[in-house]
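Now for the letters of each chain:
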Amino acid sequence: MTEPSNISQLSAQDAQFLYIQSATNLTHVMAVYIYDPSTAPGGKVRFKDIIEHMRKRMDVSPMFKRKLYRLPLDIDHPYWVEDEHFDLEAHISHGRLPEPGDWRQFCIHVARHHSKPLDMTRPLWDMYVVEGLDNIPGYAKGSYAILTRIHHSTIDGVSGAHFFAAISDKDIKGTPAIPLPEGKSAANALPTISEILSRAVNSTITSPVKLTQALLKFTPALLSTAQKSLQGGDEKTDTGVPQTRFNGPVTPNKMFDAVTFDLEELKKMRLKVSDATINDVVLAICSGALRHYLTKHKELPKESLVAVAPVNARSRSGDEANPGNNISAMTIKIWSNIVDPVERLAAIKDTTRETKAAKSGLSARIMTDLTKHIPGVTMAGVARILTDERFAPKMGNYILYLATNG
């Protein structure tokens, strides 16, 4: 019997972001956008205007109205089902900064909101409108922010960027920033018991085959890495992770801050090293900042810090409109032990080329690529092991999300 096409099950990669969540390790992501209401028609934006705008965009993505249907003992990955009690206004709230409404108050407000877990019994997103941004340099008095939280099991960087573009306008006439899908998103149906059992059995049987095929893909790089290790290693590709204050257990209390860079300035920096990219420049800036911070605290290790960077694995065929995750990852030595910033950028450029060629950074890639093929009955336990504080700190010193490709 053919299964209904509107049954939607989380992939293994989507599901692992659920399995690794804990009281201290929340796996939602949050976007922060600041708006100047004086640029809107009439020079004012009311809270109910934001709600009505979102109501009109509910069909740009199926993620808005679907929630998790999790199976007992995680015998297979969860399903997405329509929330029959969906209430848009339960997902959008608002508040106001206390006086003086400055950047410090805003950062505290954002951090506190980001530190709260999402309600996992409802669709995995919410919006928080923050008013009263009256004393922040560079922003008009009366500006407001929208903090949008979405669970990582729902989107990755590429699908997330598409989602935010779809709910945004490019002019005061309300013209969508990108073409919107026609018609309504199909509702996700609740699978029957027989469908659940059939999929669970099939996943358990076929996953070892897929896992073996994926492992074979890594064999040449694994052999190359092992050979280099026996020969004493390669300084350019060795990703040994030094111990720092960033490699301890995380707490539920998050922090937030932000810095604005002029893209033209980044482009000028890129020209300092032949073939360097904007991403390389961002890595070099982060490396320099971490070097300065750890030096100030007399904790800079002799070895370079290592970043774990997610990598887009989607095709360029419009797949960004589909929610969910399709990512790999690479571990990158950021050369924080090099004093000269131009020399540091050159070393980073060489390292990222090597890493993208799969000649290093294997630990992170194995975690993201191979876990795509682990059945649900074992994924929950494996995911918790991979993120255990005894294992995860050995993969890198920090995670860096790069928003550009060049």
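Numbers given to residues run from 1 along each chain, matching the order in which its sequence is written. Thresholds applied to this predicted model are a pLDDT of at least 70 for local features of residues and 80 or more for the giving and counting of side-chain atom pairs; totals over whole chains, interfaces and linings are not thresholded and use all residues. Calculation of side-chain values draws on the structure's entire complement of heavy atoms; hydrogens and water are dropped beforehand.

Break down the pairing of strand β7 (residues 143-151) for me, citing the residues and quoting the values.
In this scheme, a residue with accessible area under 20% of its type's maximum is buried, one over 50% is exposed, and one in between is partly exposed, where area comes from a 1.4 Å probe on protein chains only. Each helix is a run of DSSP H or I of at least 4 residues and each strand a run of E of at least 2, with the numbering of both proceeding from the N terminus. Within β7, nine of the nine residues are buried, which leaves the element mostly enclosed by the surrounding structure. Here β7 shows a buried face lined by S143, A145, L147, R149 and H151 and a second buried face lined by Y144, I146, T148 and I150. Bridge count between strand β6 (residues 125-133) and β7: seven bridges; the pairing is antiparallel. The residue bridging M127 from the neighbouring strand is T148, located in β7. Only when DSSP finds a minimum of two bridges between them are two strands counted as paired.

Give me the lowdown on the sheet that holds β7, citing residues and values where you can.
Here we have four strands laid out as an open sheet, ordered β2-β7-β6-β5, and mixed in their pairing. The sheet is open, and its two edges are formed by β2 (28-35) and β5 (92-96), each paired on a single side. Taking the axes of each pair of neighbouring strands and ignoring which way they run, one obtains an average angle of 20 degrees across the sheet. Where β5 meets β6, five bridges bridge the pair, whose relative direction is parallel. Across the sheet, the residue bridging to S93 is Y128, located in β6. The strands that helix α3 (residues 103-114) touches are β2, β5, β6 and β7; relative to β2, the one it contacts most, it runs at about 150 degrees. Note on geometry: axes are C-alpha line fits, over the in-contact stretch for helices, and angles between N-to-C directions span 0 to 180 degrees. In what follows, a contact means two residues having at least one pair of non-hydrogen atoms within 4.5 Å.

A description of the layout of surface pockets should follow, citing residues and the corresponding values.
Definitions used throughout: a 1 Å grid over protein atoms alone; a cavity as a set of points that fits a 1.4 Å probe which cannot get out; a pocket as an open set with protein on both sides within 12 Å along at least five of seven lines; a lining residue as one with an atom within 4 Å of a point. Grid points are joined across faces, edges and corners, and a volume is the space filled by probe spheres set on the points. Space inside the second largest pocket adds up to approximately 890 Å³. At the level of elements, β2, α2 (47-56) and β7 are the ones that each hand at least two residues to the lining of the second largest pocket. A per-element tally of the lining of the second largest pocket places α2 first, with six residues. Along the lines of polarity and charge, the residues of the lining of the second largest pocket split into 14 nonpolar, five polar and nine charged. Charged residues are taken to be Asp, Glu, Lys and Arg, nonpolar residues to be Ala, Val, Leu, Ile, Met, Phe, Trp, Tyr, Cys and Pro, and polar residues to be all remaining types, Gly included.

Before we move on, could you go through the environment of L290 and cite the residues and values that matter?
Checked against the element boundaries, L290 lands in helix α7 (residues 278-296). Overall, the relative accessible area of 16% leaves L290 in the buried class. The spatial distance from the C-alpha of L290 to the C-alpha of L300 is 8.6 Å, given a sequence separation of ten residues.

How would you sum up the sheet that holds strand β1 (residues 8-9)? Please name residues and give values.
For sheets, the rule is that strands pair by backbone hydrogen bonds, running either parallel or antiparallel. The strand order across the open sheet built from three strands is β1-β4-β3, with neighbouring strands paired in antiparallel fashion. Strands at the two margins of the open sheet, each flanked by one partner only, are β1 and β3 (66-69). One ladder, built from two bridges, connects β1 with strand β4 (residues 79-82); its direction is antiparallel. Residue pairing in the sheet places S8 in a bridge with W80 of β4.

Give a description of the pattern of salt bridges that names residues and reports values.
The working definition used for a salt bridge is a side-chain nitrogen of Lys or Arg within 4 Å of a carboxyl oxygen of Asp or Glu. A complete count under the given rule lists twelve salt bridges for this structure. Notably, a salt bridge pairs R149 with D126, separated by 2.7 Å at the nearest N-O pair. Here R149 is found in strand β7, whereas its partner D126 is found in strand β6, with 23 residues between them in sequence. For the pair shown, R149 and D126 are each scored as buried. Of the charged contacts in the structure, one is a salt bridge between K267 and E264, with a shortest N-O distance of 3.6 Å. In this pair, K267 and E264 are both assigned in helix α6 (residues 263-270), three residues apart and thus about one turn of the helix distant. Taking relative accessible area as the criterion, K267 reaches 32% and is therefore assigned partly exposed.

Explain the nonpolar core residue by residue, including any values.
For this analysis, a nonpolar core means a set of buried residues of the types Ala, Val, Leu, Ile, Met, Phe, Trp, Tyr and Cys, connected via side-chain atoms within 4.5 Å. Of all hydrophobic cores here, the largest spans 22 residues; its most connected members are L283, I334, L345 and Y398. Mapped onto this core, the elements with two or more residues apiece are α7, β8 (306-312), β9 (327-333) and α8 (341-356). A per-element tally of this core places α7 first, with six residues.

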